[in-house]
Every structure is written in structure tokens, then in C-alpha cells.
Amino acid sequence: MPSPKLKELFEAEFSLKSFYTGGDVVWSKDGATFLCHCGGSVQFLDVESGKVNGIIGDEEVPAEDNADVDLILTFTLSPDNEQIVSAHKSGLFKLWNYEDKTMVKHWRSVHKGPVAKLAITNDGLILASGGSDSSVRLWDMKYHACTKNLTGIKGVCSVLKFLEKGNSILLFGSGDDAIIKAWDIESGVEKLSLTGHYSTVTDIVFSNTHRHVVSCSRDKVIILWNIKSGEQLKVIPTYESLESLVILPDSITLPDADIKYQDGIYVATGGDRGVIRVWDVLNPKELYIQSNSLVKKSEEGGLALRKLLFSTAASSFALVSYDHNIFVHSIDTFVCTNQFVGYSDEVLDLAYIGEDETHIAVATNSPDIKLYTLSSMSCSLITGHTGFVVTLAVAPQKPNIFASASKDNSVRIWALCGKAGATCIASGMFHNASACGLAFSQGSVSFLLSGAEDNILKLWKLPKNLEEHDGSSLMMKASCMAHDKDVNAIAVSPNDKMVATASLDKTAKLWNAKDLAPLGTLRGHRRGVWSLVFSPVDQVVMTCSADTTIKIWSLGDLSCLKTLEGHESSVMKCAFLSRGLQVVSASGDGLIKLWTVKTSECVASLDAHIGKIWALAVSKDACRLVTGCSASKIVFWKDVTEEKQLEEAKRRQENALKEQELFNLMESEDFLSALKLALTLDRPATVLNIIKSVMKRGNEGLSQTILLLDQEEKQTILKCASHWNMNSKTSYAAQYLVSVLLDEIALGKLKPPTSLIESMIPYTEKHFNRLTQLMQDLYLLAYTKTVMKPALADT
């Protein structure tokens, strides 16, 4: 079998990181994009691909206590989807262009405190801002000036919406006193004061005829109001604290209903139950309650939903949960069509799942396993554990089956089942402490090993028809006290005869896979061992440790064959590549390194993380990597060795052709054409020879050629001149070049290197001058300002 080609470089193909950390979420008019509040930025999430395709504000997700970041407090998208206005912690408003994501203007908010809500009219000409200072302000978006200060609300503004009907525009708002106010924006006069709620008004919507307004609150009621008279028409108890509501079309058909509802005012609500409920508020009645909600109730007893959105273009609802997930449901069937995870906290482990590696399972600081479909990046939450899931393992021979270990002391085995995610086919409380390590048998799916913080290693027998298992507990074959401290990782040899364990006690141990009889101990690391793996072809095992080293051990005599040094932080994960000829490792400083085993050299360092890399997974063909870190970021890497080699070969071929062209130009004494080509090839010696040759012929055309160079080429030729000017044999050519470019230098169009200015001084002081008097004065003045003046001040 021929040796595999060694890999030289991986590049980040794309990454998954936090795109929603709480706050506002807006659905674009075409239903294709979610705009999500993420610290100091607003991120644009493409619904179809599940990837962030744009961002405004700070690109990196900041920590909430980062004082250097100008956090976004709230934002709004204009109804025509052309502009975005954001309110910032610094007291600024910023106007952004939706298409190219560029900032157009920024100005002061004038509010005496943080801005809580923003709203903008359909034509984008008037902006309303509601603050925490009991005031609402109107802004002329053409001149970005405050035109009116509307008073009447108390405390922090909780709702702010425009109602545009014909030539009349009303602004509705509410504050801490739960009274809804409406102002005419032309006169600034208060037109309505709607009193009826007893708790903060969380949302208001207008009927499609613009004759009614519907409001909801945490006082568990919906109220229907007549806009013209301000009369309270209906009060509907929901027995649920409501956070959001949306208006639906005048004619709707709901699941499991044979009739088409019409001639009513239909709204959908979301609150602490975490489900969508549809109401007819004109003829008070609950029409539908969602039965397949994926939103979990808040453990703190708060609201399960932060926001409920509806897109007419997509005919879908979007539920934004308190734990930063976005669920998209079709209005026709209420089936969840997409699910996106906005914030995952620390990524603790991940694994490729599926026969064709179509999914990736991710363990985070959560009891739920996040299962991503790689084609759409839609995510399903796999529930079952009650404690944080800390590690995952996939069965090599049946990649549709994977296992998870949790801080609830249990281990669960799951089977991939298409769009439904995964189902639990076996489980059990296997340990007396949090399970930390898992490994399936390699040659067949016949056994599973688990290790935990109780220092125990356990061997579990798996049934032959594992996919059809009824979910009951597995049978334990063997158990032993493996280490003096936590068992961090477990690996099984390719022939299923040997097991290796890594521990915080600074050792790795080898065991017989049949009965867990000890076979030997690998000693040599100075700190805890985080991970280990068997070579796919050689009789060796590799370990990585918090002592920043990677060691490769012989299984024959248990000696250390190689130590790979180069990381500056704890090495958290390692894996073999290229049939054991290469190693990839991930460390606590966010770096990934690619090593060649034979030479013990690091051939590439990959940097795309800003936190500790806990997770590393390698695809079957070893052409793709995926890594996850403590900063809630997952990066997908692609082997680009072949592409880079082709690019390098192409570049060498192009350079060879240019070299030949340069040679031909020199032979034909076409020096002026050769000058530009020599600069392109970075050949300073050739450039000097060309200049000397042309100067001997009377400088004909040389100054015009130099002036026609672009700025970068002029900078290059000046850098060369700074070296040539230090040698009396080449100084004449250098000073001639400077004299040609003197006008541009004097006008500030071209900045000469400091080394060139300093190199001119000896010649001017010794009267070895080949430049004009203007050039002397210019460089002496520059030198006096930058060098001589501070020195004279000291003396």
C-alpha cells in the first residue's frame, strides 16, 4: 500500500459561534434572515444555511462585563429592510445600511439614561426612542435631529410601536405603570391613554384593519381596544404570563381543524408555558394550543419564551427561548422546520455522527446534546440527561450510534433517526460520580467502556441488536479501580484487545479489554494526562498532557519513543493523521498544531480560537477537522494541502515565465520595461543594475518611468534606496531616485523610510552632496524634527 500524502495545512472553512446572547431578534421582511442581538453586535443569520452571513458592530462576541466594548442595548430594522438603527451603551445612536452592513451615521441619543426601545416608520424618515428616563423622543432621520420629546409614560419604556393609517401616524408606548399611551407625531399631543393592565405591558399589535389594538402583559390577560374611542372591548384571561404576541392573517387554517377561520382578529401568544397559543380576540376563544413545542420552561421559574415572531413570506412562526434557541414552525402544520442555537457556552466535546458523517453531536455546559445537520446547520436538542453532558463517543463500525456521559453520573447510548434527531436506546446510572471518559470497541460494536471522577473504569457488554434495544440498562462485565484521580479519557486499540486510560494522576495505563486486567503503566508526564489515542497502524499509543507535551509510547516495552514539544499551554486533545505518520493536537491557548512524527517537527500552527480547545474530532478520510473551545465557538477545518501545492506550482511557473521575460528585456536593453518587472519579482540587485545602465545612457525616460509606478512600487524602490545610499558606490543612484520622487515626498503623498532620511545625513554633513539644495533642506529639516531636536534638548 503506498504511503499517504502528508498534510501541510488546514484552513478554517467556516465556524459556528454565538450569534444570539439575549435581547432583540428581528425577522427580515423576506423571511430569509434573522437579525440577532449579540453583545456589541447584530448578527445576520441565514435561515436556509444556518450560518451567519453578516455582522454590524464588534465582530468578536464580548464578555458582558467588558468595559471596553460599546454594547448594543437595542436595535430596530426599518419596515422596508433598508436601514438598521442601534442604541449603544455609550449613549450613541448608529445608523447602518442593511445591504452592505456599513455604518452611515452616528449621533447622541440625548436620553438621560439607557435607551430601551426603538421604532421606525414605514418610510424610514421618523425614528422613535424610548428610554429609561420616562421619556419618548422623535427623530428626523434626514437630519438626525430630535424634533419632539413626548412625555406621559413612567419609568422604563417597555413597548414602542408606530401605527400608520392613511396620512395619520400614531406612536404607541408604555412604561412601568402599565398604561398604554398614544401620541400624534405631528403635534406631539397625547391622543389615547389605555388603562387596564396591572403589570408591565410586554407587547402590542394592531389589527389588519387598523381599527383595534391588542395588548398583552405579565398579568396573564389579553385586552382588545378600540383605537378610535380608546374603549376596552374584550379582556381575555390566558392564565399565563405573556411576553409576546403577533397578529395573524384575517383568514387562517389551523392543524387538526376542518374549518377555515375568518371574520375575526387572530393573534398568537407566547409566554411562560413555552407554547404557541392562537386566539380569536374579537369573538373571545382559544382556537389552538401547540402540542409539539421544543421550548423548555425556565428552571428559575421565569418566562420560557423571550419573543414570538411571525413571517408572512415564510408562513412560519419563530420562537425565541430564554436559553437563546430559535425554533421555526410552519403555520400550516406547526412542525419544527429549523432550530438554531444562539449560544452554547463552553464546547466540551464533539463527534461526527452518521454513515456519511452528515451530523455532528456537540456537548456543552448543558444537559442537552446539540445535534447539527451539516447540510443546513439546523440543530436538534437531544434531551434525557439531567446534568451537564461532558463527553461523547461514536461507534466506529456503526457511526449512527453514539454514547454520552453526564454529570448526573449516567451514560446513555443514542441512535440517529433522521430528522427526529436521536433516540435513547440504552442508559444506566453507571458511576458514583460524574462520568468523564467513554470509548466503544473499534472492530465491532460489542462493548463500551466508561470512566469517571470516582476513579473507576467499567466495561459494559452491548447486545448484538443494539439499534432495537428497549432503552433498559446495560450489563456490566468488569470493573476496576483504575487510577488515583479522575479518569479523563479512554481509548481502545484497533484490534479490540487492549484499553488505555488517561488520568489526572499524571499517568496513562494499559488494560486487557476482556477482563480489565492491568498490563502496564506509562509514566513520564509531569502533570495530568488529558487525552490519548492508539495508532491505527503501529504498536504505539499517544498521550497529551497539561505539561504542554505530547508523548508517543511503545506498547512492547512501554518506553517513550518520542516527545513532541512546542505548545505553550496544556495539550487537551490529540489524534493521528495520515495513517499514523502525522499528529494533530489542540491546546489550552487556542492553537492547533500539525506534526510530522518522523521528524518531530511542527509543520503548521492553526489559530482560530480565543479560548481553551476542549474538543477535537477528525473525519474518516482525515481531510476535515472540527474543533470546539470554551468561547462557544466551533470551527470546521479543511485540508488545503493539495490546493496550496497547486497554487505554489502555478506561482513558480508564472515566476519562471517572468524571469525569462526579464532576461529577454535585459538582453534587448529595454531597461525601462524591465524596471517594473524587476520590482514585481522583488529583485533589488537587478533594479540597481537597470538604473545604473539607464543613467549611463543619459537618464532618458528613467524619471518618467519611476513616476508612473504605483505607490507600493515607489515605496519598494525607496526602501532599496535606503540601503544603496549607505554605500558610496551606489549612493549616486539612490540619491537620484530620491530626487525624482522629491515632489511627492514634499507634498506628503509618499513617505520615505526613516532609514533613508538618516542615511542622507553623513553625505550632507561631509558636503558629499549630489542632490539639489531643496533636497538638503527637506531632509535636514525632517532629520532635525525626528532625531536631532530630541538629542539637542537632552544636552
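Cut-off values and rules
Counting restarts for each chain, with residues numbered from 1 along the sequence as it is written. Where local features are concerned, this predicted model is filtered to residues with pLDDT of at least 70; where side-chain atom pairs are given and counted, the filter is 80 or more; whole-chain, interface and lining totals use all residues. In computing side-chain properties, one takes all heavy atoms of the structure into account and sets aside hydrogens as well as water. Note on terminology: a nonpolar core comprises buried Ala, Val, Leu, Ile, Met, Phe, Trp, Tyr and Cys residues joined through side-chain atoms within 4.5 Å. When a residue's accessible area, from a 1.4 Å probe over protein chains only, is under 20% of the maximum for its type it is buried; when over 50% it is exposed; and in between it is partly exposed. Secondary structure elements follow DSSP: runs of H or I of four or more residues count as helices, runs of E of two or more count as strands, with numbering from the N terminus. By the convention used here, residues are in contact when the closest approach between their heavy atoms is within 4.5 Å. Each polar contact in these results corresponds to two N or O atoms within 3.5 Å; when the atoms are within protein, one needs to be able to donate a hydrogen and the other to accept it, and residues that are neighboring in sequence are counted only if both atoms are side-chain atoms. In this analysis, strands are considered paired if DSSP registers two or more bridges between them. As a rule, the C-alpha atoms of each element are fitted with a line to give its axis, helices using only the stretch in contact, and angles between N-to-C directions run from 0 to 180 degrees. Patch membership is restricted to residues that have no salt bridge and whose relative accessible area is over 30%. Joining uses 9 Å for like charges and 5 Å for the nonpolar side chains Val, Leu, Ile, Met, Phe, Trp and Tyr. Areas reported as accessible are Shrake-Rupley estimates using a 1.4 Å probe. Residue values count occlusion only from the protein chains shown. Salt bridges are defined by distance alone: a side-chain nitrogen of Lys or Arg within 4 Å of a carboxyl oxygen of Asp or Glu. Note on charges: Lys and Arg go in the positive column, Asp and Glu in the negative column, and His and the chain ends are not counted at all. Taken as the charge location is NZ of Lys, CZ of Arg, CG of Asp or CD of Glu.

So, the nonpolar core
If you look at the biggest cluster of nonpolar residues, it comprises 31 residues, and the most contacted ones within it are Val687, Ile691, Leu702, Ile717 and Trp724. If you list the elements that add at least two residues to this core, you get helix H1 (641-667), helix H2 (671-680), helix H3 (684-696), helix H4 (702-707), helix H5 (711-724) and helix H6 (731-740). With residues near it in sequence (within four places) discarded, Val687 still touches Leu675, Ala678, Leu679, Ile717 and Trp724.

Overview of the side chain of Thr269
Here Thr269 shows up in strand E23 (residues 266-271). Residue Thr269 is classed as buried on the basis of its relative accessible area of 0%. In terms of polar contacts, Thr269 uses its side chain to reach the side chain of Trp279, at 3.1 Å. The residues touching Thr269, leaving out its near neighbours within four places in the chain, are Ile222, Leu242, Ser244, Leu245, Val275, Ile276, Arg277, Trp279 and Leu308.

Regarding the sheet that holds strand E7 (residues 83-88)
Spatially, E6-E7-E8-E9 is the arrangement adopted by the four strands of the open sheet, whose pairing is antiparallel. Either end of the sheet is taken by a strand with one partner, and the two such strands are strand E6 (72-77) and strand E9 (103-108). Pairs of neighbouring strands in the sheet enclose a mean axial angle of 20 degrees, with direction left out of account. Sheet topology places strand E8 (residues 92-97) next to E9; five bridges connect them, and they run antiparallel. For Trp96, the partnering residue across the bridge sits in E9 and is Met103.

A look at the side chain of Ser316
The topology assignment puts Ser316 in strand E27 (residues 316-321). The exposure class assigned to Ser316 is buried, which follows from its relative accessible area of 8%. With residues up to four places along the chain from it excluded, the contact list for Ser316 reads Trp27, Leu309, Phe310, Ser311, Val328, His329, Ser330 and Ile331.

Let's talk about a positive patch on the surface
Together, Lys461, Lys464, Lys477, Lys497 and Lys514 give the surface a local cluster of positive charge. Residue placement: Lys464 occurs in the loop between strand E40 (456-461) and strand E41 (475-481).

The values are spatial; any link to function lies outside them.
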